Each structure stands twice: as structure tokens, then as C-alpha cells.
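# Commentary on secondary and tertiary structure
Single-letter residue listing:
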Amino acid sequence: MSEVKFSKEHEWITLEGDVATIGITKHATEMLGDIVFAELPEKGSNVEKDGTAGVVESTKAASDVYTPISGEVVDTNQAIVDDPSKINEDPEGSAWFFKLKMKDQSEMDSLMNKEEYDKFAKESAS
Amino acid sequence: MEIKKTSLNNLHKDNQAKFVEFAGYEMPIQYSKGIIEEHKFTRLHSGIFDVSHMGQLFIYGDERLTEELEKIFPLDLKNLKQNSSKYSFLMNEDAGIYDDLIITKIEEGYLIILNAACKDKDFEILSNILGTKFKMNLDSNRSLIAIQGPKSVEILNSIINGVDQLHFMSGKWFDSENQKLFVTRSGYTGEDGFEISISNENAEKFVQNLIDKGAQLIGLGARDTLRLEAGLCLYGHELDINKTPIEANLKWAISKSRLSNGGFIGSEKIMNQIQGGATKIRVGIKPEGRLIAREKTKIFNETETQIGEITSGTFGPSVNGPIAMGYVNKEFSKVDTKIFLEVRGKKYPANICALPFYKKNYVKGVN
């Protein structure tokens, strides 16, 4: 599996061949608070880089989930729809959101590595 | 305008509060454990709420004051016992609600607890009606602390002996460590609990004492989920100047004797609506599945005609599912009526349901 990359919208992404797994970061879940609802894109649909690809709702508010790259949705994680509190428990592991068949490898280039993201998250939080 | 802070602001910070601005005040929305944990802790144990942003209006006077206030509030104040509290509203001539409030008869007159966002305007309205005949004090030297949940009576009674003898919706002055505290048995969570009015300089020490005895600070986030589960209205959401107490399904809060004789501001409209019926009414709404429908969500009937709007919607931690309140046209207000909620462009099924969502299984002496 590739190095984990991060977007400015607080999604993480890993690559295995040309299939990307995408979720939201621990930092994002800490900002959102208790997550109580998740909506995921439909399997087989196509999503565009930086477009919305789902929704999460906390006790406080609804937030869009964006996709950091374009592609076809090949799998979604029903477990987090059935029990959204899993997203708070393990956001960067078992609580992934969806898998994409990547369309354009170059879209990965603009994403941040862990160190860059941690710095970005720290700055955007203050 | 500079943001206002309550006397517990430093204590909130020490307890890792996340702050929001609410009615011009910097208030804690949650602490480190989060809304769901705070909500459940209140239901099972004892939660402390800083509600010092709310207005504490003392009006001093005798039976002449009672007479004047009966022209304003739809209450039988003449027969209200000293130390008893009532839930009521300040209305305009069209029975539109300026504010909802709790009024307690005290030896010196009345104490009225007002919403933070409304208190200054309320004071102005009441001053205009009452003139200078009665001394009025919107007291900013006092903090207001709520303690709610099944363990609250035990915890508070260990600090202020005798509060366990208070009945629900009553309050009086207590002396504790050479200070005067006004304590009412009331609250807005659906739990047993108290509200304590205390001077600003003593508030932090008092709350720290409650914490040391096992209660925990709870933010406005959980206050909202708790009151919504209890089916209670929040001003600016379920109540505003364009809604009447009858439409808000709060007829129970109007004293029966006042319904027949009227004579209070807005009484004509109220009596009119009782006879002819209001066209819209507040209801409880249970979305199917896990969908959350927030404030301003449009409500439709089965033939896709809009029949109302959501006024509050969230996830109820004790109900373990989504809950909402809103207004619908009266013919759709029956329990179990199927409705549809438009969320992110799609319509989802929901049902009208009875309030409250959460009912206390209240057995005295057993926890």
C-alpha cells in the first residue's frame, strides 16, 4: 500500500494499484464532534476531484465529504452507515468511506504527506 | 460589540470547553468528552449548566404589581402561592411571542427568568408597560447555574441543606455560607433538577464544589439535545414573534381562569384561536432510519405539497435516533401521520409522533 496522502478538506487517501481508499482524518472527526449520520456515494457512480461524495452529520451540524481525486466508486463502507460512531472511534482505519478506481494518477501530486497535513491542520485549527 | 463572558468563563477554559458565541456571550458548546457523553451523563448522573447569560429580572411590589402583571401574562397570579413558579410568555397584541420565561412569586414581588437573546428587549417592553411604579432590576451581578439529573438532589442538598424539600416548579431563598442563594426546582432537560441564582463572585467556587461532589460541566450542545428529547421549546426556533402559544401547543401553560375572562395582552387572539383553531401547530417528528432533518427543512405530504417546516432537529442520544420538532398544517398533526422531509434535494419519510421523545421512568428513592 502507498503512503497515506491528505487533502485540505481533511480527507485521507491510500492507493493499492489503481484503487484508492478514502476516509476523513482524525483531526476532522475531532472538529466535527460525535458523528451520528453518514451518507456515501453510490457504487458505480463517478465522482470528480474536489466534488462532494457524501455527507457526515454530527450532533451539531451537517458537513459535506469531498473526494480528493476523480474516479468510479467501486466499494462503500456500509458499517459506518449502520453505526456512524465507528467514524469517531477509528477514522483513519476501519472507518474508511469509499473506494475509487482512480482515473488520473497526477491528481495525487497536489495532496499533502502526513507531516505537511499535520502542520496544515494545526494552523487551520488555530 | 465585545463578546460578553460569564463569571464561569475561566472554569470553562480549565475544563477544555469549546466555545461558541451565543446571544452575545462566549459560551461552552461542549467540553472534552463531547455532546453524547455529556447528554448521557446528565440523564444518568448530574450535569451542571452555566445559564448565567439568561436574564434574572426582579420586580418589586405588592398586590398592585400582581394586578399589573395579570394584564401582561396569561396566568392566575393572584392565586399563585408564594415560592411557586410558572412557565409563561411575554406576547404582543397578536399573541406573537416576544419570549418564554419562568416567573416565581417571591416575598418581595416576582423573579422572572428570561432568555439571553431577549432579556434586554423584554426589560424595555415591561418597563414601557409598568412605567416607574415598580422597582425593576435585571440583575447582572448574579450568575445562574442549573444542575440536572437524578443525582442532583443529593449533590446539591449536601451543599445547600433543605433543597430536597422543594417541590417541582417552586423556589425560595436559602442561606449557605453567609450568602443568599435563590434556588428553584426546575430545569429544561426532562430531568429532576435545580436552578441556583448566586452572586458572580461566589459562582466559580460553588460550581467547583458541585464538580468535587461528582457533577460534571455540560455544554450548550447537550443542553439542546436534552431539551429536544424532552419535547421542550427553544426561543428563536419553536417560538418567535410570528407564533402564538396556541400554535406552539402550549395551551396548558395558560391558566384556565384566564382563558374564560381574558384581559391580558394577546388574549383576543388566543381565545379566537382556541375557538376557531389555529391553522398550524407544533408537533414532534420522527424521521425513519438515521436521517437528521435540521431546522428549516421543508415538510411535505404524500402528494408533495409543502405542509410545514422543521424548527429543531438533531440526533437524540438517549432515544438513539434522529428527532425533530416543527410546525405543520393542523390537518397533518395527528400522531402517526406520514410526512416527507426534504433533505439535500431528496424527500425522506418521517412520522408525526407524540412528545416528549424521552420520558423519565421516575421512581422516587430508586436510581
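Residues numbered from 1 in each chain as written. Chains lettered and ligands numbered in written order. Predicted model: local features only at pLDDT ≥ 70, side-chain atom pairs only at ≥ 80, totals over all residues.

## Quick notes on the overall build of chain B
On a plain count of helices and strands, chain B comes out with nine helices and 19 strands. The C-alpha atoms of chain B give a radius of gyration of 21 Å, which matches the 21 Å a tight globule of 367 residues would have. Each principal axis of the C-alpha distribution contributes one length, and for chain B these read about 65 × 50 × 50 Å. Residues classed as buried in chain B amount to 44% of the 367 residues present. A separation threshold of at least 6 residues defines the contact pool for chain B, and within that pool the share at least 24 residues apart is 65%. (Helix = DSSP H or I, 4+ residues; strand = E, 2+ residues; numbered from the N terminus. Rg over C-alpha atoms; globule rule 2.2 N^0.38 Å. Buried ≥ 20, exposed ≤ 12 C-beta atoms within 10 Å, placed from the backbone. Contact = placed C-beta atoms within 7 Å.)

## Re the nonpolar core
Ile 48, Leu 101, Ile 112, Ile 145, Ile 147 and Val 207 of chain B are the most contacted members of the largest nonpolar core, which has 115 residues in total. Residue contacts for Ile 145 of chain B: discarding those within four places in its chain leaves Ile 48, Asp 50, Ile 196, Ile 198, Ala 203, Phe 206 and Val 207 of chain B. (Core = buried A, V, L, I, M, F, W, Y, C linked by C-beta atoms within 7 Å.)

## Some thoughts on the interface of chain B and chain A
The interface is formed by 13 residues belonging to chain B together with nine residues belonging to chain A. By residue class, the composition of the side of chain B that touches chain A is five nonpolar, five polar and three charged. (Nonpolar A, V, L, I, M, F, W, Y, C, P; charged D, E, K, R; others polar.)

## Regarding helix α6 (residues 200-212) of chain B
All names here are of chain B. Those residues of α6 lying buried are Ala 203, Phe 206, Val 207 and Leu 210. Within α6, the buried residues cover an arc of 100° as seen down the axis, which keeps them to one side. Residues Glu 201, Lys 205 and Asp 212 are exposed on α6 and point more than 90 degrees away from its buried face. Looking at the buried residues of α6, the elements they touch are α1 (9-14), β3 (47-50), β9 (142-148), α5 (152-157) and β12 (193-199). (Arc of directions from axis to C-beta.)

## Re the environment of Asp 14 of chain B
Inspection of the secondary structure assignment puts Asp 14 of chain B in helix α1. Sequence separation of Asp 14 of chain B and Ile 112 of chain B is 98 residues, and the distance between their C-alpha atoms is 31 Å.

## Thoughts on the confidence of the model for chain A
Mean pLDDT over chain A: 94, with 98% of residues reaching 70 or higher. When pLDDT is averaged over each helix and strand of chain A, the minimum, 91, is found for helix α4 (residues 114-125) of chain A and the maximum, 98, for strand β8 (residues 71-76) of chain A. (pLDDT = per-residue confidence, 0-100.)

## A short note on the sheet that holds β9 of chain B
All names here are of chain B. Across the sheet, six strands lie side by side as β10-β11-β12-β9-β3-β13; this open sheet has mixed pairing. Looking at strand neighbours, the two that pair on one side only are β10 (170-176) and β13 (216-217), the edges of this open sheet. Bridge count for β3 against β9 is four bridges, and the pairing is antiparallel. By the bridge assignment for β9, Ile 48 is matched with Ile 147. (Pairing = 2+ DSSP bridges.)

## What to know about helix α4 (residues 119-130) of chain B
Because each turn of an α-helix spans 3.6 residues, side chains separated by three or four positions in sequence point in the same direction. Its 12 residues place the ends of α4 of chain B 16 Å apart at the C-alpha level, agreeing with the 16 Å of an ideal helix rising 1.5 Å per residue. Backbone geometry just after α4 of chain B places Gly 131 of chain B at a positive phi near 65°. (Expected span 1.5 Å × (residues − 1).)

## Focus: the sheet that holds strand β5 (residues 46-47) of chain A
Residue and element names in this part refer to chain A. Ordered in space as β1-β2-β3-β9-β8-β5, the six strands form an open sheet in which the pairing is antiparallel. Looking at strand neighbours, the two that pair on one side only are β1 (5-6) and β5, the edges of this open sheet. Note that strand β2 (residues 11-16) and strand β3 (residues 19-24) share six bridges and pair antiparallel. Each residue of the ladder has a partner; that of Glu 16, found in β3, is Val 19.

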